[in-house]
Amino acid sequence: MTPQNSQAHPTRWVRLTALLLQVSLAACGGGGSADGPTAGADAPSPAPAPAPAPGASPAPSVPGALSPTYTGEGTFYGATGEGNCTFDASPGNLMVAAMNGPDYAGSAVCGQFVAVTGPKGAVTVRITDQCPECKSGDLDLSESAFARIANPVAGRVPIRWHVVPGDVTGPVSYRYKEGSSRWWVAIQVRNHRLPITGLEIKPSGSADWIAVARTDYNYFVHPSAIATGPLQVRITALGGATLIDTLPEPSEGVVVAGAGQFP
């Protein structure tokens, strides 16, 4: 996911050429999936929500909005649902987008939903990736999402957007990253209606909650050993709502459905 500028980013010619075969003027980006680091290489927990971009209104200006209104430029790329947020591909729902580097906020925006308005119309997308070269306020949308707000021939268009509650079904879910065990625990939160701002664990036999740092690839990682057995997880959403679930002992690649969803 990069802005549409092939001259500025010559190393991305392969991806750009594929898109140029489909439209007369493509707007695409780089980025891509990020491999998880080894234990001990975890990023610090980011701010709970991106800081207002230049030009953003000082307070939510749309009923139901969870953030200020941002302005920037919209582009598109061949999104699959994968990317820096390390979610799975979602071929059945490609209403997704990549957040610009400054507002990515160390993955704090991963999984949140944003309502985007362009010259042609509006669309709600889920953030699944990062556009490192995009400026604050910009979004790099999937091809199908971009077509909802503008003519693809335009390639790059002015947009405005704000964070909204997601239209999700079922409870939140949790995924243990590959390599997870009681010695190194990495948990990703999925299918959440509201942006996730924090995660804590309470291992078996523990009386206290332990705050877990979020990495820039959208996993909360506790790099130290915990007791054997199940552990409780408490997640906090933007606005302060919390959910508590009990997960089995960490095991790599396991996905566990939670008991509820944020209101």
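In this convention, every chain numbers its residues from 1, walking through the sequence in written order. Local features in this predicted model are restricted to residues of pLDDT 70 or higher, and side-chain atom pairs are both shown and tallied only at a pLDDT of 80 or more, whereas totals for entire chains, interfaces and linings draw on every residue. Neither water nor hydrogens contribute to the side-chain values; these are computed over all heavy atoms in the structure.

### Some details on the overall build of the protein
Part 1 of the argument: Strands here are runs of E lasting at least two residues and helices are runs of H or I lasting at least four, both read from the DSSP assignment and numbered beginning at the N terminus. Each helix and strand counted, the protein has 3 helices and 14 strands in total.
Part 2 of the argument: Sequence-distant contacts in the protein: of pairs separated by 6 or more residues, those separated by 24 or more amount to 70%.
Part 3 of the argument: On the protein, roughly 10,900 Å² of surface is accessible, and the fraction owed to carbon and sulfur atoms is 56%. By the convention used here, residues are in contact when the closest approach between their heavy atoms is within 4.5 Å. Surface exposure here means Shrake-Rupley accessible area, sampled with a 1.4 Å probe, where a residue is shielded only by the protein chains that are shown.

### Brief notes about the sheet that holds strand β3 (residues 113–117)
Part 1 of the argument: The strand order β1-β5-β2-β4-β3-β6 describes a closed barrel built from 6 strands, whose pairing is mixed. Strand-to-strand, the axes of this sheet are offset by a mean angle of 45°, without reference to chain direction.
Part 2 of the argument: In the sheet, strand β2 (residues 96–100) pairs with strand β5 (residues 139–142) via 3 bridges, with the strands oriented antiparallel. The residue bridging Ala-97 from the neighbouring strand is Leu-141, located in β5. Paired strands, in this sense, are two strands between which DSSP finds at least two bridges. Lines fitted to C-alpha atoms define the axes here, with helix axes fitted over just the stretch in contact, and angles between the N-to-C directions of these axes take values from 0 to 180 degrees.

### Comments concerning the nonpolar core
Part 1 of the argument: Each nonpolar core is a collection of buried residues, namely Ala, Val, Leu, Ile, Met, Phe, Trp, Tyr and Cys, held together in the definition by side-chain atoms within 4.5 Å. Burial classes: relative accessible area under 20% of the type maximum marks a residue as buried, over 50% as exposed, and values in between as partly exposed (1.4 Å probe, protein chains only). Ranked by size, the top nonpolar core spans 25 residues in total, and within it Val-114, Val-116, Val-125, Leu-139, Leu-141, Ile-149 and Trp-161 carry the most contacts.
Part 2 of the argument: Within the residue set of this core, elements represented by two or more residues are β1 (70–77), β2, β3, β4 (122–131), β5, α3 (143–149) and β6 (157–164).
Part 3 of the argument: Here the element with the most residues in this core is β6; it accounts for 4 residues.
Part 4 of the argument: Leave out the neighbours within four places in its chain, and Val-116 touches Gly-121, Ala-122, Val-123, Val-125, Leu-139, Ile-149, Ile-159, Arg-160 and Trp-161.
Part 5 of the argument: Of all hydrophobic cores here, the second largest spans 21 residues; its members include Tyr-176, Leu-199, Ile-201 and Val-212.

### Some thoughts on the state of the cysteines
Part 1 of the argument: Only a pair of cysteine sulfur atoms within 2.5 Å counts as a disulfide in this structure description. Per the counting criterion, the structure on display carries 2 disulfides.
Part 2 of the argument: Here Cys-85 pairs with Cys-110 through a disulfide, and the sulfurs are 2.0 Å apart. The S-S bond linking Cys-85 to Cys-110 shows a torsion near -80°; that makes this disulfide left-handed. Pair noted here: Cys-85 is in the loop between β1 and β2 and Cys-110 is in the loop between α2 (101–104) and β3, with a separation of 25 residues, a long-range link. Like Cys-85, the residue Cys-110 is buried in the burial classification.

### Comments concerning the side chain of Ser-180
Part 1 of the argument: Within the secondary structure, Ser-180 is located in the loop between β7 (173–176) and β8 (185–190).
Part 2 of the argument: Relative accessible area serves as the criterion here: at 5%, Ser-180 is assigned to the buried category.
Part 3 of the argument: Here a polar contact is recorded for every N or O atom pair within 3.5 Å, except that within protein the pair must consist of a potential hydrogen donor and a potential acceptor, and residues adjacent in sequence are included only if both atoms are side-chain atoms. For Ser-180, the side chain forms a polar contact with the main-chain nitrogen of Ala-186, separated by 3.3 Å.
Part 4 of the argument: The residues touching Ser-180, leaving out its near neighbours within four places in the chain, are Val-185, Ala-186, Pro-250, Ser-251 and Glu-252.

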